[in-house]
Amino acid sequence: SDPVRSPSFISGGKLRQADLAIALPPFGIKPEPGIVERDLFERFNIPKATWTVLAVQHLLAQARKRVIVAVPYSLLHGLGADRALRQQIVDSGRLQAVVALPPGLVPGTSIQIAVLILGPAGAAGGVRFVDASGDGFRESSGRTRTTLLNVDQIVDAAITEHESPL
């Protein structure tokens, strides 16, 4: 069954919203052709979007207050659809923080990821950048696996209003 068309995601003919959306979308998946044009809920407006871009746009359409989403680190400097998404979330004032994490956290891949913290449109007064990719935040637990350390420090640095050493 198609989860977008299931009744749990739709209310009154519209996409049901929640206050918070948290996601680790799958990486490396190509969206099916025409998905942007067939979107009934007008979530997608970036042609030739990657699956990650579509996932972020879906989460933004579904959350009223905050979105926390893990994305490949390459989204932060990619061209095309990645750049268009970055421009949209910065211009809309939604991007509150970017947390760079070490590679090897996601099972099955050693790519580096970042966590985007997005708020309602116009809520971000500035963007907080947190670099939690260094040795103080990771421990190797295998050739390609990493365990994240000092998570409380990372969260505090990402959501606090005052200066942080990270």
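This structure is a prediction, so every number in the text was calculated from the model and none was measured. (Residues numbered from 1 in each chain as written. Predicted model: local features only at pLDDT ≥ 70, side-chain atom pairs only at ≥ 80, totals over all residues. Heavy atoms only, no water.)

1. Here we look at the environment of Ile68
Next up, step 1: When you line up the elements, Ile68 lands in strand β4 (residues 63-72).
Next up, step 2: Between the C-alpha atom of Ile68 and that of Val56, which follows or precedes it by 12 residues, the distance is 9.3 Å.
Next up, step 3: Residue contacts for Ile68: discarding those within four places in its chain leaves Leu20, Ala21, Ile22, Ala23, Val115, Leu116 and Ile117. (Helix = DSSP H or I, 4+ residues; strand = E, 2+ residues; numbered from the N terminus. Contact = heavy atoms within 4.5 Å.)

2. As for helix α1 (residues 51-62)
Next up, step 1: Here α1 contains 12 residues, and its C-alpha end-to-end distance of 16 Å stays within 8% of the 16 Å for a straight helix at 1.5 Å per residue.
Next up, step 2: The buried count for α1 comes to 10 of 12 residues, which makes it a mostly enclosed element.
Next up, step 3: Inspection of α1 places Thr52, Val53, Leu54, Ala55, Val56, Gln57, His58, Leu59, Leu60 and Gln62 among the buried residues, and these make up the whole buried set. (Expected span 1.5 Å × (residues − 1). Buried < 20%, exposed > 50% of the residue type's maximum accessible area, 1.4 Å probe, protein only.)

3. A closer look at the pairing of strand β6 (residues 113-118)
Next up, step 1: With six of six residues buried, β6 is to be regarded as a mostly interior element.
Next up, step 2: As paired elements, β4 and β6 share six bridges and run antiparallel to each other. Across the sheet, the residue bridging to Ala70 is Val115, located in β6.
Next up, step 3: Judged from the five bridges that link them, strand β5 (residues 95-100) and β6 form a sheet pairing that is antiparallel. By the bridge assignment for β6, Ala97 is matched with Ile117. (Pairing = 2+ DSSP bridges.)

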